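Secondary and tertiary structure notes
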Amino acid sequence: MSNPNDKHDISANPVWSSLVDRHARFAASHGRAIRFQPDISPFSAVTDWHDEGAWADLAELAGPGATVAVAGVGLVLPAGWDVVWHGEGLQLVDVAVEAADDPEAVTLTSDDVPEMLDLVARTEPGPFAPRTIELGTYLGIRRGGALVAMAGERLRVPGLTEISAVCTDPGHRGQGLASRLIKAVAAGIRRRGDTPFLHVAGNNINAIRLYESMGFKVRTEITFAAIRTPSVEPSGVA
């Protein structure tokens, strides 16, 4: 689906693209493997999904029996690693989103992290760690003082910024809060000269329809997985 000649085609290995460039300050690396600092994000990447040596580098970087998340096009999971979770998804990019600031949206800060973690735990939009907020701008909507919806920025590569952690408290769904926050986050991304993009589970038909109706277009299929490194350290590692 994606065009390999597209200058914004980072879909094959978006975590790597983010960590070697605009999120390099959050990276830990070893050989041909790289990962976010664990309190930022569980995502890791290797240079080439088919390179067993690169996977060995990631095993050393993460340590024995550690669980890491990976994402990519043509993802080939390594032998000897346990698959904790595996799912197919879609990557969509903004082609006609009516991005706009929202008067009710507030910028969330580190003081809001406990509420953000609680909202994520109740809605399960995807991985969110205590320092994930440092990856970019996160916006929220409050009702009665309580945080009931949020969305923000995660992966950032040249020309593109991912919208992530889109979630709404179950008691406040059906009010369009998520759509409003997506448009507001998109507005901020565009002001920097970037194009918004996002990921969604391939079987989440309602979300896919919503994003397409908002002006996002499917670029490519992408695989997500949580995998556990071998419990025995690689040969030669003390």
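Quick look at the structure, then. (Residues numbered from 1 in each chain as written. Predicted model: local features only at pLDDT ≥ 70, side-chain atom pairs only at ≥ 80, totals over all residues. Heavy atoms only, no water.)

**Digging into the packing of aromatic side chains**
Applying the stated rule across the entire model yields 5 aromatic pairs. Ring centres of Tyr 211 and Phe 216 lie 6.1 Å apart, and the angle between their planes is 70 degrees; on these two criteria the pair is classed as edge-to-face. Accessibility expressed as a relative area gives 11% for Tyr 211, which makes it buried. (Phe/Tyr/Trp six-rings, centres within 6.5 Å; stacked < 30°, edge-to-face > 60°. Buried < 20%, exposed > 50% of the residue type's maximum accessible area, 1.4 Å probe, protein only.)

**Examining the environment of Ile 163**
Checked against the element boundaries, Ile 163 lands in strand 9 (residues 160–168). Sequence-wise, Ile 163 and Val 93 are 70 residues apart; in three dimensions their C-alpha atoms are separated by 9.9 Å. (Helix = DSSP H or I, 4+ residues; strand = E, 2+ residues; numbered from the N terminus.)

**Comments concerning unusual backbone geometry**
Even without glycine at this site, Glu 124 takes up a positive phi of about 55 degrees. Tracing the chain through its elements places Glu 124 in the loop between helix 3 (113–123) and strand 7 (138–143). Located in the positive-phi region is Ala 165, a residue other than glycine, with phi close to 55 degrees. Overall, Ala 165 belongs to the buried group, its relative accessible area being 8%.

**Re helix 2 (residues 52–62)**
Every buried residue of helix 2 is accounted for by Ala 54, Trp 55, Asp 57, Leu 58, Ala 59, Leu 61 and Ala 62. Along its buried surface, helix 2 packs onto strand 1 (27–30), strand 2 (33–36), strand 3 (44–46), strand 4 (67–72) and strand 11 (216–228). A positive phi of about 95 degrees marks Gly 63, the residue just after helix 2. (Contact = heavy atoms within 4.5 Å.)

**Some thoughts on the nonpolar core**
By size, the foremost hydrophobic cluster in this structure holds 24 residues, and its most contacted members are Leu 92, Ile 163, Leu 181, Val 200, Tyr 211 and Phe 216. Broken down by secondary-structure element, the contributors of at least two residues to this core are strand 5 (82–94), strand 7, strand 8 (146–157), helix 4 (177–191), strand 10 (195–201) and helix 5 (205–214). For Ile 163, the contacting residues outside a window of four places in its chain are Gly 152, Ile 182, Val 185, Ala 186, Ile 189, Pro 196, Phe 197, Leu 198 and Phe 216. Membership of the second largest hydrophobic core comes to 18 residues, among which are Phe 26, Phe 36, Phe 43 and Val 93. (Core = buried A, V, L, I, M, F, W, Y, C linked by side-chain atoms within 4.5 Å.)

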